[in-house]
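Observations on the model geometry
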Number of protein chains: 2
Amino acid sequence: MEVGVVYLGVSAAVPAYGRGLPSIAVMYRGLVYLFDVGEGTQERLVEAGLSPLRVKVVAVTHMHGDHFLGLAGLLQSMTMGGRREELFVIGPRGLLEYIEIVERLTGHVRSFDIVFREVEEGVVYEDNRVVIKAFRVCHGHVAAYGYVFEEKPRPGRVKLEKLKELGLKPGPYLSRVKRGESVIVNGVLVRPEDVLEEPRPGVRVVYTGDTRPCKTVIDVARGADLLIHESTFLESEASEAHEKGHSTALEAGLVAAKAGVKCLALTHFSARYRELDVFETEARRNFGNCVYAARPLLIHPLRL
Amino acid sequence: MEVGVVYLGVSAAVPAYGRGLPSIAVMYRGLVYLFDVGEGTQERLVEAGLSPLRVKVVAVTHMHGDHFLGLAGLLQSMTMGGRREELFVIGPRGLLEYIEIVERLTGHVRSFDIVFREVEEGVVYEDNRVVIKAFRVCHGHVAAYGYVFEEKPRPGRVKLEKLKELGLKPGPYLSRVKRGESVIVNGVLVRPEDVLEEPRPGVRVVYTGDTRPCKTVIDVARGADLLIHESTFLESEASEAHEKGHSTALEAGLVAAKAGVKCLALTHFSARYRELDVFETEARRNFGNCVYAARPLLIHPLRL
């Protein structure tokens, strides 16, 4: 699987029915980009067959305990596993304080560097292939963010008939062409714009963290491949959802419809609900495309 | 079950094979006395059918992350569950700091009081029925403790033939006699010393936390019903055990034999070992009584 999402924990606040506390792993070309890291995340990573050493970025949405208390243990296990590579950590300022204090109290000596970035709206991480952007959500008075995981546009496919016209066969030189370079092959100039189709848009995944239905979510999620939206409650508890700064499944469906996303995943379920099917039914009343309630260790492949 | 132990997590350092991080629940008359509280403890409590609201005491052996990082989440879930009753927390001074800092960072408002007691050798908790004592163990330079959970002696059984001699039948008055009171029943003076057999010794459970084979463990565990001794390694890694301040299964068996305990439970297994049977085999070379490797959610009833 080249790109996909693995749900590690889908409970709100209190873990129930083995659902685990919030954590979502975006898998991208063998690396893991982790969004929220609730207690127990490191165990679920291992259950999912993902080594903590493959985690490149940890991004935390806000400083409620269920969303970050698994970070300290995960960092310790990375050291126990002999990690050397730097880890990118994104979140509110307090997250760094949490890391530092636990390390002071435990005397734990980390074997790798942390590159910490305090979350604010806009691009918070970027490498050759992916960009992570943060956006403010609507979770009461809490400084809470959501994240967009965005693959950069990929090079267009090779026009094979065009190669043939040039008297060339496909070869390793094409990887350089796909990186945007012009190369001379058997005396023939091969330019990207001649032999490649239009760049293909990358995959885009949006994760809300905790939020009321929120205009910024609709804006950033427009046309996304996958919107992972919290739905702590059902519509029968709509007023409680409102009071506590959360969403109902019906509301999440409406946000997904307004944003025109391809697929909606519901998560962050209150422990009072044993069954999750009804969340899907409720969201479908507003959104006709693909909808599902995330389950722990469920995998959603976005490109095989 | 009136008294018993439920193993919640039995891994060392890094959780492996679903074994969970260190936490042991002593169940006593409907209450839970928790020893160590590794990440994931609150989930395992619930899996074991034990509500966090039943936890009376949390005692932490030392400030290594795998032994206490589950505390913050457990406290939050107690509040979510509406706990009002005070919780007794015992551990190194840094444990209280950890609680306070997480509450500051998260803005979490606890619904109940914590009675914190900094661990030192001797009695650290006592109520009508049980006593918890701490003792220093041998875990390198770390200030690490083990705990003894001790039931106070129980009143002797009623001598039914003696009651008959006094012309009395058993009745509710006996509960007062068992509390040590003399009572007059149908004009007859009934004194505890006349109608009760000798007090029966209470159950005694000793938990080492992390330690090398240690003389204090042998001293406090003498004749205990159950010694829960760490055995991070097998004898093939004896020198590593020595360096890191841990014990092998063979060594744990020797401690159990010297202390003459009734039963030895091994725990705190390194992730490098997939199979646990060999720990039992190794310990049995030194100790002929009941020996087992603890498994998560395994229950050891001490009195039904």
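Since we're looking at a predicted model, the values are computed, not measured.

1. So, the overall build of chain A
Of the regular secondary structure elements, chain A holds eleven helices and 16 strands. On C-alpha atoms alone, chain A measures out to a radius of gyration of 21 Å, which is about the 19 Å that the 2.2 N^0.38 rule sets for 304 residues. Principal-axis analysis of the C-alpha atoms gives chain A an extent of 70 × 50 × 30 Å. Here chain A holds 304 residues, and the buried ones make up 59% of them. In chain A, once contacts between residues fewer than 6 apart in sequence are set aside, the share between residues at least 24 apart is 64%.

2. Considering helix α4 (residues 93–106) of chain B
Residues and elements named next belong to chain B. With 14 residues, α4 ought to run about 20 Å at 1.5 Å a step, and its terminal C-alpha atoms sit 21 Å apart, in line with that. With ten of 14 residues buried, α4 lies mostly within the body of the structure. By the burial criterion, the buried members of α4 are Gly-94, Leu-95, Leu-96, Tyr-98, Ile-99, Ile-101, Val-102, Glu-103, Leu-105 and Thr-106. Immediately downstream of α4, the backbone of Gly-107 shows phi near 70 degrees, a positive value.

3. A closer look at the sheet that holds strand β1 (residues 3–9) of chain B
Residue and element names in this part refer to chain B. Taken in spatial order, the seven strands of this open sheet run β6-β5-β4-β3-β2-β1-β16, and their pairing is mixed. Of all the strands in the sheet, just β6 (114–118) and β16 (299–303) have a single pairing partner and so form its edges. Strand after strand, the sheet turns through a mean of 20 degrees between neighbouring axes, direction not considered. The pairing of β1 with strand β2 (residues 23–28) spans six bridges and is classified as antiparallel. For Gly-9, the partnering residue across the bridge sits in β2 and is Ser-23.

4. Describing the relation of the copies chain B and chain A
Superposing chain B onto chain A requires a rotation of 180 degrees together with a translation of 0.0 Å along the rotation axis, leaving an RMSD of 0.1 Å. Both chain copies can therefore be described as sitting about a two-fold axis. Judged by C-alpha distance, Gly-40 of chain B is the residue of chain B that lies nearest the rotation axis, at 2.6 Å.

5. Some thoughts on the nonpolar core
In this structure, Leu-34, Val-58 and Tyr-98 of chain A together with Leu-34, Val-58 and Tyr-98 of chain B are the most contacted members of the largest nonpolar core, which totals 64 residues. Those residues in contact with Tyr-98 of chain B, other than ones at most four positions away along the chain, are Leu-69, Tyr-98, Val-102 and Leu-105 of chain A together with Phe-68, Leu-69 and Ala-72 of chain B.

6. Some thoughts on the pattern of salt bridges
Residues and elements named next belong to chain A. A full pass over the atoms with the stated rule returns 47 salt bridges over all chains. Note that Arg-179 and Glu-181 form a salt bridge whose closest N and O atoms lie 3.9 Å from each other. Among the charged side chains, a network of salt bridges with common partners joins Glu-2, Arg-29, Glu-151 and Arg-303.

7. Observations regarding the packing of helix α4 (residues 93–106) of chain A against α4 of chain B
Where α4 of chain A contacts α4 of chain B, the two axes come as close as 11 Å, and the packing angle between them is 175 degrees. Judged by the angle between their axes, α4 of chain A and α4 of chain B are roughly antiparallel. On α4 of chain B, the residues that touch Gly-94, Glu-97, Tyr-98, Ile-101, Val-102, Arg-104 and Leu-105 of chain A of α4 of chain A are Gly-94, Glu-97, Tyr-98, Ile-101, Val-102, Arg-104 and Leu-105 of chain B. Along the lines of polarity and charge, the residues of the contact of α4 of chain A with α4 of chain B split into eight nonpolar, two polar and four charged.

8. What to know about the packing of aromatic side chains
Residue and element names in this part refer to chain A. For the coordinates displayed, the defined rule picks out 18 aromatic pairs over all chains. With 5.1 Å between their ring centres and 70 degrees between their planes, Phe-88 and Tyr-125 make a pair best called edge-to-face. Taken together, the positions of Phe-88 in strand β5 (residues 87–91) and Tyr-125 in strand β7 (residues 122–126) put the pair 37 residues apart, joining distant regions of the chain. Tyr-125 shares its class with Phe-88; the two are buried. One aromatic cluster in this structure is built from Tyr-28, Tyr-33, Phe-88, Tyr-125 and Phe-149. Positioned over the ring face of Phe-112 is Arg-83, at 5.4 Å from the centre of the ring.

9. Notes on the state of the cysteines
Residue and element names in this part refer to chain A. Inspection of the entire model under this criterion finds four disulfides over all chains. Disulfide partner of Cys-138: Cys-214, at an S-S distance of 2.1 Å. Residues Cys-138 and Cys-214 are joined by a disulfide whose S-S torsion is about 55 degrees; by sign, that bridge is right-handed. One end of the pair, Cys-138, is in the loop between β8 (130–136) and β9 (145–151); the other, Cys-214, is in the loop between β12 (204–207) and α8 (215–221), and 76 residues separate them in sequence. We classify Cys-138 as partly exposed; its relative accessible area is 33%.

10. Considerations on the UniProt feature "binding site: Zn(2+) 2" (unreviewed entry) in chain A
Residue and element names in this part refer to chain A. Listed under "binding site: Zn(2+) 2" (unreviewed entry) in the UniProt record, and renumbered for this structure, are Asp-66, His-67, Asp-210 and His-268. Spatial clustering of the annotated residues is evident: they stretch over 203 residues in sequence, but the largest pairwise C-alpha distance comes to 10.8 Å. Considering the arrangement of structural elements, one finds His-67 in helix α2 (residues 65–68). Classification of His-67 by relative accessible area gives buried; the value is 0%. Not counting the four nearest positions on each side in its chain, His-67 is found in contact with Pro-22, Asp-36, Val-37, Gly-38, Val-60, Thr-61, His-62, Tyr-207, Asp-210 and His-268.

What counts, and where the lines are drawn
- Residues numbered from 1 in each chain as written.
- Chains lettered and ligands numbered in written order.
- Predicted model: local features only at pLDDT ≥ 70, side-chain atom pairs only at ≥ 80, totals over all residues.
- Heavy atoms only, no water.
- Helix = DSSP H or I, 4+ residues; strand = E, 2+ residues; numbered from the N terminus.
- Rg over C-alpha atoms; globule rule 2.2 N^0.38 Å.
- Buried < 20%, exposed > 50% of the residue type's maximum accessible area, 1.4 Å probe, protein only.
- Contact = heavy atoms within 4.5 Å.
- Expected span 1.5 Å × (residues − 1).
- Pairing = 2+ DSSP bridges.
- Axes fitted to C-alpha atoms, helices over the stretch in contact; angles between N-to-C directions.
- Least-squares fit on C-alpha atoms with pLDDT ≥ 70 in both.
- Core = buried A, V, L, I, M, F, W, Y, C linked by side-chain atoms within 4.5 Å.
- Salt bridge = Lys/Arg side-chain N within 4 Å of Asp/Glu carboxyl O.
- Parallel < 35°, antiparallel > 145°, perpendicular 65-115°, else oblique.
- Nonpolar A, V, L, I, M, F, W, Y, C, P; charged D, E, K, R; others polar.
- Phe/Tyr/Trp six-rings, centres within 6.5 Å; stacked < 30°, edge-to-face > 60°.
- Lys NZ or Arg CZ within 6 Å of the ring centre and 35° of its normal.
- Disulfide = S-S within 2.5 Å.
- UniProt positions renumbered as here; feature names shortened; annotations may be inferred.

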